[in-house]
Structures are given as C-alpha cells and as structure tokens.
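Observations on the model geometry
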Amino acid sequence: MVAPDGAQHKAATRSSDGPAKVTITEIAREAGVSVPTVSRVVNGRSDVSPATRARVEDLLQRHGYRRRPPAPGARPVLLDLVFNDLDSPWAVEIIRGVEEVTHESGVGTVVSAIHNRAGAARQWMTNLRARASDGVILVTSVLEPRLHDELRRLGVPLVVIDPAGSPASEEPTIGATNWAGGMAATEYLLGLGHRRIGFIEGPSRLMCSRARLDGYRAALDVAGVPVDGELIVPGDFYHESGFTGCNQLLDLDDPPTAVFAASDQMALGAMEALRRRGLRVPEDMSVVGFDDLPEMRWASPPLTTVRQPLSDMGKLAARVALDLARSVVPASPRVELATELVVRASTAPPRRA
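My aim in this report is to walk through the structure given alongside it, one point at a time. Here the structure is a predicted model, which is why all the values come from computation and not from measurement.

1. Section: the overall build of the protein chain
Secondary structure assignment for the protein chain yields twelve helices and twelve strands. Scored against the burial criterion, the 353 residues of the protein chain give a buried share of 49%. Excluding contacts between residues fewer than 6 apart, the proportion of contacts in the protein chain whose partners are at least 24 apart in sequence is 73%. A total accessible area of about 16500 Å² is found for the protein chain, and carbon and sulfur atoms account for 54% of it.

Rendered as structure tokens:
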C-alpha cells in the first residue's frame, strides 16, 4: 500500500532515532504561504501581515521548529541589552562593559527597559523579532514564561546577569560572589568591634540580594553574635529605601552602631538620614555599601563598600552572548566574578560596644 503524499514526506523526514523534524517547506505548505514568507517570519522580518505572521508562528510553535544555527564563520551583528530600569548608576557600568566588547567586535547594541510590565516586555519582544537580534543579555529582570519560550523558538540565545529567581538550567548566568561580599563586609565591621550591625536589604526577589543577606547572617553566626531580626530592614537598592531603612534602625530602643546597606545608593540614603539627625559618619555610626560605584570615593566621607566588577560582568555577558550566537557553548553555565572589600573613611570602631 502506498502512503499518501503528506505521510510519505513525513516518513522521509523522520530519523531512525527520533520524531519527524519539520521543515520550512512543510510549514509553508500547511500555512498556505510561500517559503520566503515563512523565512521572513523565522528571521523576525516586519514585512509580513499580522494575520499571516500569527498563522505561521502558531505552526512553528506547534511543530517545535528551531531556527538553524548560523553558518560557520557567520558574524552576529546585534545584541539586545535589557534592564528592568535604567535609573541606576550600576546600569551605566554594565552598559559600559557590554559596549566595550560589542564595539571591538563590530556588533551593535540595543538597550531597553521593560519596567517589569508585561505590556512593555511584549512590545520589546515584538521589536526584537523585527530587528532579528542575534542575542539577549537580561539584567536583574524577569520575563514571563511565554516570552522565554518565544526566544527559544526564535533561536535567540539568552544570557542573564544577576538572575531574579532560579534561571533555567540551560541559560548562562553572570554574577558576583555576593555571599562572600556580604560576609566580608560584616566580618570587617565585627573586627572593628561592632556587635549591633543593621542590614538594609535589597529586593528579596533577586538572588544577589538574598546572597548578600545570607553572607551577613553567616558572618554573625561564625562570630557567635545572634542574628537580631529587628536589625534587618527592607530596601530596594535605591536611595529612598536606604534613608527610610536607616531611620527605622535609628528609632529602635537599642539602635545599631553600624549599618551595612546592600547597595551603595542605599548607603548614601542611610548617610543622609544620619546627617539630618545630626549624627556623624563614622563617629556616631559606621556605614558600608555594596557595588563600589565610581562616585563612592567622592562621597562625604568616602564610602567603605564591597566592590563588585559591574563592568567586567557586562563584558563577560557580552562575550558569552556572542559565543552563543556563533553556536559556541560556554564552559560553565554559571560564572561568579570575585568581589572585594574597599575600606574608606565611612567606618571606624564603635564608641560603645
């Protein structure tokens, strides 16, 4: 018995050890469009009608079609760098690192902010399809699962800097040794003689924030100092939460003698709260930050902080994204760059134990 044409073709495309692999020709036939039209959809071109695009994309997704890797020697030409927000100095440092690598490689960079809003993220995805980006670097942001699936379907590699939550196992991630940095800062304050050390958290949804808090707790535990929950106050990495958090700590019946803020911006907010109360840094309270943004050496007084290599993180993320675009798999899916405690004038031994 002779199989119908369609069945015969599918049988011909089925390997001996796996299911049939659909081709662009089959997708075009099923969608009732030309092969070039399907190709334009696959490559994110904008010159396809919305109805046709939707029909073709539905078939691509149902058949699990994956874009073929670039031909050997093909060069990526465009990377997308995506932040939740762009109103932080540390974003500039990451951009600086990414831009250095892409400029050297002759690759363009598109910087976007999605503001953790589904509508903004979906619009970004639409724009990404239209410009056929070769890779995405996502910074401390969250994409809904549907958009992650869309990137995979399009064959666009994703690299994550400071992931929010646990990333997919196949996604390369770039970070810093946040736990070690949190522990080093707290150990330093303990070494100065501080025993009541306040901690202003970063956003709890971010793995880097949780790691810094865990490092703080670990240092106290090693030193035999009980962790006091009232000394841990919420923050969001920005100045205002540092200001509010420090005031909350100062209002305690037994306030701390030192404050460790999980970001430099929160540390500056804490210093302003102290100034407004007529308290001096470090004479009345020591302050430590995290990031070592360039302007921290010009703070008054210059800020003791944990340096994380933000620019280097951007450089590494860009190199990994470009390698993935060339079908080069990274040696390790998770890379953490070393942090370093930088001691300046905002810390001193406490006046009271």
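After presenting the structure, the write-up continues.
2. Digging into the pattern of salt bridges
Side chains that carry opposite charge are capable of pairing whenever their charged atoms lie near each other. Counting across every chain of the model gives 25 salt bridges. Here Arg153 ties to Glu150 by a salt bridge, and the two come within 3.0 Å at their closest N and O atoms. Of this pair, Arg153 and Glu150 both sit in helix H7 (residues 145–154), three residues apart, which is roughly one turn of the helix. This pair shows no difference in class: Arg153 is buried, exactly as Glu150 is.

3. Remarks on the packing of helix H5 (residues 89–105) against helix H12 (residues 310–325)
The relative placement of two packed helices is expressed as an angle between their axes plus a distance between the axes. In contact at an axis separation of 7 Å, H5 and H12 are set at 40° when each is read in the N-to-C sense. Regarding the angle of H5 to H12, the classification is oblique. The chirality of how H5 crosses H12 is right-handed. On H12, the residues touching Trp90, Glu93, Ile94, Arg96, Gly97, Val98, Glu100, Val101 and Ser105 of H5 are Leu310, Ser311, Gly314, Lys315, Ala318, Arg319 and Leu322. Class assignment of the residues belonging to the contact of H5 with H12 gives a composition of seven nonpolar, four polar and five charged.

4. Points about helix H4 (residues 50–62)
Helix length check: H4, at 13 residues, gives a terminal C-alpha distance of 18 Å against a target of 18 Å (1.5 Å per residue), a fit within 8%. Of all the residues in H4, the buried ones are Thr52, Arg53, Val56, Glu57, Leu59 and Leu60. One face of H4 carries all of its buried residues, which in axial projection span an arc of 160°. What points out from H4, more than 90 degrees from its buried face, is the exposed set Pro50, Ala51, Gln61 and Arg62. Among the residues trailing H4, Gly64 stands out with phi positive, at a value near 65°.

5. Digging into the sheet that holds strand E3 (residues 135–139)
Spatial strand order, E2-E1-E3-E4-E5-E11: six strands in an open sheet with parallel pairing. Bordering the open sheet on either side are strand E2 (108–113) and strand E11 (334–337), each of which pairs with just one other strand. On average, adjacent strands in this sheet sit at an angle of 20° to one another, irrespective of strand direction. In terms of strand pairing, strand E4 (residues 158–161) meets strand E5 (residues 173–176) through two bridges, oriented parallel.

6. Brief notes about the layout of surface pockets
A volume near 240 Å³ is recorded for the second largest pocket. Lining the second largest pocket we find 18 residues, and of these Trp90, Thr140, Leu206, Phe237 and Tyr238 sit closest to its centre. In terms of residue class, the lining of the second largest pocket is made up of eight nonpolar, four polar and six charged.

Conventions adopted
- Residues numbered from 1 in each chain as written.
- Predicted model: local features only at pLDDT ≥ 70, side-chain atom pairs only at ≥ 80, totals over all residues.
- Heavy atoms only, no water.
- Helix = DSSP H or I, 4+ residues; strand = E, 2+ residues; numbered from the N terminus.
- Buried < 20%, exposed > 50% of the residue type's maximum accessible area, 1.4 Å probe, protein only.
- Contact = heavy atoms within 4.5 Å.
- Areas by Shrake-Rupley, 256 points an atom, 1.4 Å probe, with all protein chains shown as cover.
- Salt bridge = Lys/Arg side-chain N within 4 Å of Asp/Glu carboxyl O.
- Axes fitted to C-alpha atoms, helices over the stretch in contact; angles between N-to-C directions.
- Parallel < 35°, antiparallel > 145°, perpendicular 65-115°, else oblique.
- Left-handed = near helix turned anticlockwise from the far one by under 90°.
- Nonpolar A, V, L, I, M, F, W, Y, C, P; charged D, E, K, R; others polar.
- Expected span 1.5 Å × (residues − 1).
- Arc of directions from axis to C-beta.
- Pairing = 2+ DSSP bridges.
- 1 Å grid on protein atoms, 1.4 Å probe; cavity = no way out; pocket = protein on both sides within 12 Å on 5 of 7 lines; lining within 4 Å.
- Points joined across faces, edges and corners; volume = space filled by probe spheres on them.

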